[in-house]
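In case you want the letters, here they are:
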Amino acid sequence: MLKNKNYSSIEGIKLFLSSDDTTKNVISFYKDDPFPNYELTDNKLTILEKGDNNLFTSSLKEFIGYNKKILEVGAGTCQLSNYLGIGNRNNITAFDANLSSLKIGSDFAKKNEIKNINFICGDIFNEHFEDEYFDIILCNGVLHHTKDTFAAMEKISKSLKKDGIILVGLYNKFGRIRTFFRKFMYKLLGKKYLMLFDPVLRKINKKSVKKIDAWIKDQYTHPVERSHTYDELLEAFEKTNIKFFNSFPSCDFFNETEDNQNISSLFKRGNECKKIDRILTQISMIFNRQGDEGGLYIFLGQKK
Ligand SMILES: C[S@@+](CC[C@H](N)C(=O)[O-])C[C@H]1O[C@@H](n2cnc3c(N)ncnc32)[C@H](O)[C@@H]1O
């Protein structure tokens, strides 16, 4: 799986050092507040329950199925990898530049006897993985925090097999408009009043201080952050030899059935993404739940 065996091992995590300035900046940003972190009460059962009750993660797990090699790029504290690893023998690799985040994920896996996850610490730009190795690559909320979103996407997609599936989640230029407003309010009024403007914060248990801090820091003070339109990601898919499969929010703006608005539709069928739908879908993100939650959108593609 690894191209280069020149790593050190820390508590079972394989560690490659990065010399890139942007990556180092991002590593020090997450060092004290690894993202997204766990709630105080989390264990294998609660992670399974939360994952199963969340339409995105449960539909993803069902879509993945069994006997797959999965890479999660920018896994952070590895909730998703840990959830996906429970109850099957999929071979999962949780990869991140930040050792302190991976340590939290790996400790959780050890404590809860989740045994099918490899933890690798390294930089996307150093291409640690063999070409065409993984069946599925998941990369949610990561590439817009690197030095070059689409160069990073090209790097990670090299290790995806032909016909393999890639899931990319990025901040949207339109969807993030309300976060820009909240950022401004945070600068003006500080943390105390943020609950009034931020629906995600209101949902986190007030006792989970680390999780609250991690969210505020990630959303409002990140030193490396960009946002991208559907058109930019479509063009990058084309250049990287990836066929667009579907998106969430869906590009079917004029056919907005209830099922279409539901994230599970992302995995159900291929979709076109016409210009007019792209424009309207993105504008609507300003006003809907995506705008509430930071303006993240997801594309699913298949390697040609
Ligand atoms: C916002 S967090 C997302 C975590 C997780 N994917 C989630 O959705 O909760 C972004 C993660 O990307 C990682 N990251 C940023 N640049 C990276 C790079 N060049 N190589 C590997 N990981 C990187 C950060 O360390 C951080 O854990």
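The residue count restarts for each chain, going from 1 along the sequence in the order it is written. Where local features are concerned, this predicted model is filtered to residues with pLDDT of at least 70; where side-chain atom pairs are given and counted, the filter is 80 or more; whole-chain, interface and lining totals use all residues. Computation of side-chain values: all heavy atoms of the structure, hydrogens and water removed.

**Overview of the packing of helix H2 (residues 44–53) against helix H3 (residues 55–64)**
Okay, step 1: Axes here mean lines fitted to C-alpha atoms, for a helix over just the part in contact, with angles spanning 0 to 180 degrees between N-to-C directions. Helix numbering and strand numbering both begin at the N terminus, where a helix is a DSSP run of H or I of at least 4 residues and a strand a DSSP run of E of at least 2. In the contact formed by H2 and H3, the axes pass within 5 Å of each other and the chain directions differ by 90°. Judged by the inter-axis angle, H2 sits roughly perpendicular to H3. Across from Leu 48, Lys 50, Gly 51, Asp 52 and Asn 53 in H2, the residues of H3 making contact are Leu 55, Thr 57, Ser 58 and Lys 61.
Okay, step 2: Three classes are used, and their members are as follows: Ala, Val, Leu, Ile, Met, Phe, Trp, Tyr, Cys and Pro are nonpolar, Asp, Glu, Lys and Arg are charged, and the others, Gly among them, are polar. When grouped by side-chain class, the residues that make up the contact of H2 with H3 number 2 nonpolar, 4 polar and 3 charged. Comment on the angle field: the value is read as roughly parallel under 35 degrees, roughly antiparallel over 145, roughly perpendicular from 65 to 115, and oblique elsewhere. Whether two residues touch is decided by their heavy atoms; if any such pair falls within 4.5 Å, the residues are in contact.

**Here's the deal with the site of the ligand**
Okay, step 1: For each residue, the test is whether any non-hydrogen atom lies within 4 Å of the molecule or strand; if one does, the residue is near. The ligand sits among 20 residues. The nearest are Gly 74, Asp 96, Asp 123, Ile 124 and Asn 140.
Okay, step 2: Definition of a polar contact: a pair of N or O atoms within 3.5 Å, with one able to donate and the other able to accept a hydrogen when the atoms are protein atoms, and with sequence-neighbouring residues admitted only if both atoms are side-chain atoms. Residue Gly 74 places a main-chain N or O atom 2.7 Å away from a nitrogen atom belonging to the ligand.
Okay, step 3: Contact between the ligand and Ala 97: a nitrogen atom at 3.2 Å from a main-chain N or O atom of the residue.
Okay, step 4: It is helix H1 (residues 21–31) that contributes the most residues to the shell around the ligand, 3 residues altogether.
Okay, step 5: Of the residues belonging to the shell around the ligand, the class tally is 7 nonpolar, 9 polar and 4 charged.

**A look at unusual backbone geometry**
Okay, step 1: In the segment running from Phe 35 into Pro 36, the intervening peptide bond is cis, with an omega of -5°.
Okay, step 2: Here Pro 36 lies in the loop between H1 and H2.
Okay, step 3: Along the chain, Phe 248 connects to Pro 249 via a cis peptide bond; the corresponding omega equals 0°.
Okay, step 4: Tracing the sequence through the fold places Pro 249 in the loop between strand E8 (242–248) and helix H12 (275–285).
Okay, step 5: Phi at Asn 241 takes a positive value of approximately 70°, unusual for a residue other than glycine.

**A look at the pairing of strand E5 (residues 117–121)**
Okay, step 1: Exposed residues in this analysis have more than 50% of their type's maximum accessible area, buried residues have under 20%, and partly exposed residues fall in between, with area computed by a 1.4 Å probe over protein chains only. When you tally the buried positions in E5, you get 4 out of 5 residues, the bulk of the element.
Okay, step 2: For two strands to count as paired, DSSP must find a minimum of two bridges between them. Two strands pair when backbone bridges link them, and strand E2 (residues 13–15) and E5 are joined in this way by 2 bridges, in the parallel orientation. Paired with Lys 14 across the strands is Ile 120, a residue of E5.
Okay, step 3: In this sheet, E5 lies alongside strand E4 (residues 91–96) in parallel orientation, the contact comprising 5 bridges. Within E5, the position partnered with Ala 94 by the bridge is Phe 119.
Okay, step 4: Handedness is read with the strands pointing away from the viewer; a crossover is right-handed when the path from the first strand over the helix to the second is clockwise. With respect to chirality, the unit in which E4 leads through helix H5 (residues 99–111) into the neighbouring parallel E5 is right-handed.

**Here's the deal with the packing of helix H7 (residues 177–189) against helix H10 (residues 209–220)**
Okay, step 1: At their nearest, the axes of H7 and H10 sit 10 Å apart, and the two run at 110° to each other. With respect to H10, the element H7 is oriented roughly perpendicular. Remark: the crossing between H7 and H10 carries left-handed chirality. Taking contact as the criterion, the partners of Thr 179, Arg 182, Lys 183 and Tyr 186 in H7 are, on H10, Ile 216, Gln 219 and Tyr 220.
Okay, step 2: In terms of residue class, the contact of H7 with H10 is made up of 3 nonpolar, 2 polar and 2 charged. In a left-handed crossing the near helix is turned counterclockwise from the far helix by less than a right angle, and in a right-handed crossing that turn is clockwise.

**Notes on a nonpolar patch on the surface**
Okay, step 1: Residues Phe 184, Leu 188, Leu 189, Tyr 193 and Leu 196 make up a contiguous nonpolar surface patch of roughly 530 Å² in combined accessible area.
Okay, step 2: With 3 residues, the top contributor of residues to the nonpolar patch is H7.
Okay, step 3: By relative accessible area, which is 61% here, Leu 196 ends up exposed. The patches reported here contain residues having more than 30% relative accessible area and no salt bridge. Joining distances are 9 Å for like charges and 5 Å for nonpolar side chains (Val, Leu, Ile, Met, Phe, Trp, Tyr). Each accessible area value is a Shrake-Rupley result obtained with a 1.4 Å probe; residue values ignore everything except the protein chains displayed when judging cover. Note on definitions: salt bridges are taken to be side-chain nitrogens of Lys or Arg within 4 Å of carboxyl oxygens of Asp or Glu.

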